[in-house]
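# Observations on the model geometry
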Amino acid sequence: MADVTQSASLASIAAYLKLTHECDEQEAMIEAKEVMQNLVAMRQKGFITGWYFDAQGHLELLPSEAILKRINPPK
C-alpha cells in the first residue's frame, strides 16, 4: 500500500463537490472544509493513514494497518 498522507487537497475536494453536487464555489468550499476536518480526525484517531482521488475521480481512503487487521483478521 502506498504511503499517501494527503494527495487530495482542500481545493480539489471543493472542485469535486462543486462538480458532483452542482453547488456554487462558496458552498463547495464550506463542505470541503468539513470533509477535510473529518478526514484529519479519522487520521488522528488511527482509522486511516491518508486519502487521495483515484483514476476515476473518487475520493479514496487508505485504512491504517490496525483497521485492516480488524477488517481482515488473520486466520
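Remember, it's a predicted structure, so these values are computed and weren't measured experimentally.

## Quick notes on the pattern of salt bridges
Under the definition given, this model contains 1 salt bridge. Two residues, Glu-25 and Lys-18, come together in a salt bridge whose shortest N-O distance is 2.8 Å. Accessibility expressed as a relative area gives 37% for Lys-18, which makes it partly exposed.

## Some remarks on the pairing of strand S2 (residues 59–63)
Sheet topology note: the strand S1 (residues 48–53)/S2 ladder contains 5 bridges and is antiparallel. By the bridge assignment, Phe-53 is partnered in S2 with Leu-59.

## Some words on the packing of helix H1 (residues 10–21) against helix H2 (residues 25–44)
The geometry of a pair of packed helices is captured by two quantities: the angle between their axes and the separation between those axes. Where H1 contacts H2, the axes come no closer than 8 Å and their chain directions differ by 125°. Considering their axes alone, H1 and H2 lie oblique with respect to each other. As H1 packs across H2, the resulting crossing turns out to be right-handed. On H2, the residues that touch Leu-10, Ile-13, Ala-14, Leu-17 and Lys-18 of H1 are Glu-25, Ala-28, Met-29, Glu-31, Ala-32, Lys-33, Val-35, Met-36 and Leu-39.

## Points about the environment of Cys-23
Turning to its location among the elements, Cys-23 is positioned in the loop between H1 and H2. Those residues in contact with Cys-23 that sit more than four places away from it in its chain are Leu-17, Lys-18 and Ala-28.

## A look at the confidence of the model for the chain
Scored by pLDDT, the chain comes out at a mean of 89, with 92% of its residues at no less than 70. When mean pLDDT is taken per element in the chain, H2 scores highest with 96 and helix H3 (residues 65–71) scores lowest with 91.

## Digging into unusual backbone geometry
The bulk of non-glycine residues show a negative phi, and the bulk of peptide bonds are trans. A positive phi angle is found at Glu-22, which is not glycine, with a value near 50°. On the secondary structure map, Glu-22 appears in the loop between H1 and H2. Glu-22 gets classed as exposed once you look at its relative accessible area, which sits at 75%.

## Comments concerning a negative patch on the surface
Taken together, the side chains of Asp-24, Glu-27, Glu-31 and Glu-34 define an acidic patch exposed on the protein surface. Within the fold, Asp-24 resides in the loop between H1 and H2.

## As for the environment of Ile-71
Summarising the element assignment, Ile-71 is placed in helix H3. Take Ile-71: its relative accessible area is 54%, and that puts it in the exposed class. With 44 residues separating them in the primary sequence, Ile-71 and Glu-27 have C-alpha atoms 35 Å apart.

Rules used in this analysis
Residues numbered from 1 in each chain as written. Predicted model: local features only at pLDDT ≥ 70, side-chain atom pairs only at ≥ 80, totals over all residues. Heavy atoms only, no water. Salt bridge = Lys/Arg side-chain N within 4 Å of Asp/Glu carboxyl O. Buried < 20%, exposed > 50% of the residue type's maximum accessible area, 1.4 Å probe, protein only. Pairing = 2+ DSSP bridges. Helix = DSSP H or I, 4+ residues; strand = E, 2+ residues; numbered from the N terminus. Axes fitted to C-alpha atoms, helices over the stretch in contact; angles between N-to-C directions. Parallel < 35°, antiparallel > 145°, perpendicular 65-115°, else oblique. Left-handed = near helix turned anticlockwise from the far one by under 90°. Contact = heavy atoms within 4.5 Å. pLDDT = per-residue confidence, 0-100. Patch = residues over 30% accessible without salt bridge, like charges linked within 9 Å, V, L, I, M, F, W, Y side chains within 5 Å. Areas by Shrake-Rupley, 256 points an atom, 1.4 Å probe, with all protein chains shown as cover. Lys, Arg positive; Asp, Glu negative; His and termini not counted. Charge placed at Lys NZ, Arg CZ, Asp CG, Glu CD.

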